[in-house]
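# Coordinate analysis (summary)
Below, each chain spelled out in residue letters.
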Amino acid sequence: PPQCSLLGLWQNDLGSEMNISAGNNAGKFFGTYLTKVSATHKPIAVSPLRGSQQMGNVKQPTFGFTVTWSFTDSTTVFVGQCFVDDKGKETLQTMWLLRKKVDSIEDNWQATLVGTNNFTRL
Ligand SMILES: CC(=O)N1C(=O)N[C@@H]2[C@H](CCCCC(=O)O)SC[C@@H]21
């Protein structure tokens, strides 16, 4: 895929792996996410992701995607940008929001985690 297309295999600082398998020319893509860590004690399983990226004649596109976790009732959204260094090495700089499912609205205040994380090609 062209530089900074999201297609392909990525790994982040935590060792989680993401495989963006297909995209269309409108910038929509989908794939799978295998997290290395979880806030739950459930067995981790591969989870689906879908998102979209800017497709104009941008060299370093911005994007967003959603992971709907298959093994627990939470959801994570990622937003970020792909950067290419002068050696052609690509990095996805992202921020994410993890929305945990809570049992009552009284716990809503503590239901969203935020973080940053970078991905490089595997
Ligand atoms: C990239 C990154 O930082 N993260 C990553 O690769 N895995 C963790 C979280 C996994 C959540 C699993 C479901 C759950 O525990 O509710 S999403 C943000 C963080």
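Residues numbered from 1 in each chain as written. Predicted model: local features only at pLDDT ≥ 70, side-chain atom pairs only at ≥ 80, totals over all residues. Heavy atoms only, no water.

This next bit is on the state of the cysteines. With the rule as written, the count across this model stands at 1 disulfide. Cys4 shares a disulfide with Cys82; S-S distance 2.1 Å. Since a negative S-S torsion denotes a left-handed disulfide, the Cys4-Cys82 link at about -85° is left-handed. Placement of the pair is Cys4 in the segment before strand 1 (8–12) and Cys82 in strand 6 (residues 75–84), with a sequence separation of 78 residues. (Disulfide = S-S within 2.5 Å. Helix = DSSP H or I, 4+ residues; strand = E, 2+ residues; numbered from the N terminus.)

A few words now on the environment of Ala26. On the secondary structure map, Ala26 appears in the loop between strand 2 (17–23) and strand 3 (28–34). For the pair Ala26 and Lys36, spaced 10 residues apart in the sequence, the C-alpha separation amounts to 31 Å. Residue contacts for Ala26: discarding those within four places in its chain leaves Gln53 and Met55. (Contact = heavy atoms within 4.5 Å.)

The full set close to the ligand counts 18 residues, and Ser16, Tyr33, Ser38, Ala39 and Ser74 are the nearest of them. Within the contact set of the ligand, an oxygen atom lies 2.5 Å away from a side-chain nitrogen or oxygen of Ser74. When the ligand is considered free in solution it has 470 Å² of accessible area, and contact with the protein chains removes 96% of it. (Near = heavy atom within 4 Å. Polar contact = N/O pair within 3.5 Å; in protein donor to acceptor, adjacent residues only side chain to side chain. Areas by Shrake-Rupley, 256 points an atom, 1.4 Å probe, with all protein chains shown as cover.)

The subject of this paragraph is the pairing of strand 4 (residues 47–53). Of the two faces of strand 4, only one is covered, namely that formed by Ser47, Leu49, Gly51 and Gln53; the face formed by Pro48, Arg50 and Ser52 stays uncovered. In this sheet, strand 4 lies alongside strand 3 in antiparallel orientation, the contact comprising 6 bridges. Bridge pairing in strand 4 links Phe29 to Gly51. Examined bridge by bridge, strand 4 and strand 5 (residues 62–68) share 5 bridges and lie antiparallel to one another. Residue pairing across strands places Gln53 opposite Phe63, the latter belonging to strand 5. (Buried < 20%, exposed > 50% of the residue type's maximum accessible area, 1.4 Å probe, protein only. Pairing = 2+ DSSP bridges.)

Turning next to the environment of Asn24. You can see Asn24 is positioned in the loop between strand 2 and strand 3. With 31 residues separating them in the primary sequence, Asn24 and Met55 have C-alpha atoms 9.8 Å apart.

None of the figures reported here should be taken as evidence of function without further support.
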